[in-house]
Amino acid sequence: YADLLSFVNALPANSVMPDIENYVVASDIDSTKQLVSEFVGVPTYLMVDYGEIVSTPNQRNTLQDSIRLAITVAMRLSDTSDLIEQSLASSRTLNLINRLRAHMMADERNSVLGTFVSQIISGQHTFVPFQWKDTASIGWTMAFTLDATDLLDVSTLRRSLSSQ
């Protein structure tokens, strides 16, 4: 938690995306559903999801890792929203995730696991419509892959185990 807290405390006072009103970090669907269901009066949120990590050895005997990531920007609508409200929410969240993508592409200051954010998003990425009926949410997801050498630092771990 200390690393995360120091990172958050170092962020500028003004958000680059003030229209995104809440952020969801949860590891299971039930926790996520509960968090999103509590967003009363705070309709716009961002979620980060991650998938499998694929490790492939290369010619230099190191691992090339790829992790699938997805960022969703969504709005929680009322249970009685109509097609016009849903269409407006879809349009607004598409605009927001596109602006977020532009910020990520321009970010030359921050890195994730040793890779600059601008490099992560510069490759292929896909936009997918998002609808979650359990939480009355609608939005867009941007999916992409982070490629890095030895993402989980297994080389260091392997050397430490070999020397025991």
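Up top you'll find the structure we're talking about.
Everything numeric here is computed off the predicted structure, so don't read it as measured data.

Draft legend 1. View of the pairing of strand E3 (residues 63–76). Both strand E2 (residues 44–57) and E3 contribute to a ladder of 12 bridges, which runs antiparallel. Among the inter-strand pairings, threonine 44 is bridged to a residue of E3, identified as methionine 75. Remark: 5 residues form the turn of the hairpin made by E2 and E3, two consecutive strands paired antiparallel; asparagine 61 in that turn has positive phi of roughly 65°. In this structure, E3 lies alongside strand E7 (residues 137–149), joined through 13 bridges in antiparallel fashion. Opposite methionine 75, over in E7, you have isoleucine 138 as the bridge partner.

Draft legend 2. Main features of the nonpolar core. Counting 17 residues, the largest nonpolar core has Ile71, Val73 and Leu100 as the members making the most contacts within it. Within the residue set of this core, elements represented by two or more residues are E3, helix H3 (83–106) and E7. The element contributing the most residues to this core is E7, with 5 residues. Not counting residues within four places of it along the chain, the set of residues in contact with isoleucine 71 comprises Leu46, Met47, Val48, Ile97, Leu100, Met104, Trp140, Thr141, Met142 and Phe144.

Rules used throughout
Residues numbered from 1 in each chain as written. Predicted model: local features only at pLDDT ≥ 70, side-chain atom pairs only at ≥ 80, totals over all residues. Heavy atoms only, no water. Pairing = 2+ DSSP bridges. Helix = DSSP H or I, 4+ residues; strand = E, 2+ residues; numbered from the N terminus. Core = buried A, V, L, I, M, F, W, Y, C linked by side-chain atoms within 4.5 Å. Buried < 20%, exposed > 50% of the residue type's maximum accessible area, 1.4 Å probe, protein only. Contact = heavy atoms within 4.5 Å.

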